[in-house]
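# Inside the fold
Each chain is listed here by its residues.
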Amino acid sequence: MRVVFLGAPGVGKGTQAIRIAAQYQVAKISTGDLLREAVRNLTTLGLKAKSSMDQGNLVPDDVVIGLVREKLDDLSCASGFVLDGFPRTVPQAETLGKVLASKGITLDRVVNFQVSREDIVRRLSGRRSCPKCQATFHVDFAPPQVGGICDRCGEPLVQRSDDCRDAIEMRLKVYDEQTSPLVRYYDERRLLFSLDASGAVDVVFQHLSQELAPYRAT
Ligand code: AP5
């Protein structure tokens, strides 16, 4: 299974990527997670990326491509992959296409997650994350068992710095301008599947899992 999860911030890509990767035993590569790790580790790349991320802008293509290139190079060895949040611009999509072609493989599906703007803002403003194990919760839709504490590792939960109102608005604007052209890009290549991601997490997962089942062996 070789799939890309595409969609605006907060539509649930990361939540579903974890589940699909576990169900089908494939690698999950999330550029947001890789970038946040680089920021936490104070790497040169992380320091370059931090201000763009905090403001809700995209990290420059050369920085992101540099970060994922090594991961992409390993992809042909894996039994498959879910790319969460990459590509996010046409140049990134073109790079991905070239890397895969050089390995003689192609994408199976690009899933376009669709949720109303109102729901996106509710999902992002209520998201809480664990700074230690990176688990994600939501104050209303996926609350931890003990308020404000990670179920998995007991660490106090935090709000992501780009989940404040101004950064959310900027991220949605950036999505419209720079990422949404990928919907057409992949539709023209007959890879696009549009998913109504507005239901509960389990409902969305069931639908998505069914759609991707034919690709389990690729
Ligand atoms: P990234 O971490 O990828 O952020 P994003 O795309 O903005 O996506 P999110 O993580 O915000 O949302 P999601 O769709 O994964 O939703 P989630 O499942 O968490 O990127 C962060 C930044 O890094 C970018 O702004 C950019 O600066 C940089 N970056 C990353 N990749 C880049 C690239 N390729 N190029 C350039 N820059 C890049 O769910 C959200 C919340 O909703 C959670 O609380 C969850 O519990 C809840 N939820 C999920 N599903 C449901 C549901 N069905 N019902 C109710 N609640 C739900």
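As the structure is a computational prediction, the values presented were derived from the model and not from experiment. (Residues numbered from 1 in each chain as written. Predicted model: local features only at pLDDT ≥ 70, side-chain atom pairs only at ≥ 80, totals over all residues. Heavy atoms only, no water.)

### What about the pairing of strand β4 (residues 109–114)?
Most of β4 sits out of view: five of its six residues are buried. Inspection of the sheet shows strand β1 (residues 2–6) paired to β4 by four bridges, in the parallel sense. By the bridge assignment for β4, Leu6 is matched with Asn112. For β4 and strand β7 (residues 192–196), the ladder comprises five bridges, and the chain directions are parallel. Bridge pairing in β7 places Val111 opposite Phe193. (Buried < 20%, exposed > 50% of the residue type's maximum accessible area, 1.4 Å probe, protein only. Helix = DSSP H or I, 4+ residues; strand = E, 2+ residues; numbered from the N terminus. Pairing = 2+ DSSP bridges.)

### Comments concerning empty space enclosed by the protein
Within this structure, the stated rule accounts for one cavity of 30 Å³ or more. Computed from the structure, the largest cavity encloses a volume of approximately 40 Å³. Lining the largest cavity we find Phe5, Leu6, Gly7, Lys13, Gly85, Pro87, Arg88 and Thr179. Residues that form the lining of the largest cavity fall into these classes: three nonpolar, three polar and two charged. (1 Å grid on protein atoms, 1.4 Å probe; cavity = no way out; pocket = protein on both sides within 12 Å on 5 of 7 lines; lining within 4 Å. Points joined across faces, edges and corners; volume = space filled by probe spheres on them. Nonpolar A, V, L, I, M, F, W, Y, C, P; charged D, E, K, R; others polar.)

### Considerations on the pattern of salt bridges
For the coordinates displayed, the defined rule picks out 13 salt bridges. Between Arg127 and Asp163 there is a salt bridge, and its shortest N-O distance comes to 2.9 Å. Taken as a pair, Arg127 in strand β5 (residues 127–129) and Asp163 in the loop between β6 (136–138) and α7 (165–179) lie far apart in primary sequence, 36 residues in all. Considered together, Arg127 and Asp163 belong to a single accessibility category, that of buried residues. Here the salt bridges do not stand alone but share partners, grouping Arg127, Arg160, Asp162, Asp163 and Arg171 into one network. (Salt bridge = Lys/Arg side-chain N within 4 Å of Asp/Glu carboxyl O.)

### What to know about the site of the ligand
Close to the ligand lie 33 residues, the nearest being Thr15, Asn57, Arg88, Arg127 and Arg171. A distance of 2.7 Å is found between a nitrogen atom of the ligand and a side-chain nitrogen or oxygen belonging to Thr31. Between the ligand and the protein, one listed contact pairs an oxygen atom with a side-chain N or O atom of Arg36 at 2.8 Å. In isolation the ligand has 1000 Å² of accessible area, and contact with the protein removes 96% of it. Elements with a contribution of two residues or more to the shell around the ligand: α1 (13–24), α2 (31–40), α6 (117–125) and β6. (Near = heavy atom within 4 Å. Polar contact = N/O pair within 3.5 Å; in protein donor to acceptor, adjacent residues only side chain to side chain. Areas by Shrake-Rupley, 256 points an atom, 1.4 Å probe, with all protein chains shown as cover.)

### As for the side chain of Asp84
One can find Asp84 in strand β3 (residues 81–84). Look at Asp84: it is buried, it has no salt bridge, and the nearest opposite charge is Lys28 at 4.6 Å. Here Ser30 takes part through its side chain, which lies 3.4 Å from a polar atom of the side chain of Asp84. For Asp84, the residues in contact, after removing those within four places along its chain, are Phe5, Lys13, Gly14, Ala17, Ile29, Ser30 and Thr31. (Lys, Arg positive; Asp, Glu negative; His and termini not counted. Contact = heavy atoms within 4.5 Å.)

### Looking at unusual backbone geometry
That bond from Phe86 to Pro87 is cis: its omega, 0°, falls within 30 degrees of zero. Relative to the helices and strands, Pro87 is located in the loop between β3 and α5 (90–102). A positive phi is found at Gln134, a non-glycine position, where the angle reads about 70°. Structurally, the position occupied by Gln134 is in the loop between β5 and β6. Its identity as a non-glycine residue notwithstanding, Arg190 has a phi of 55°, on the positive side.

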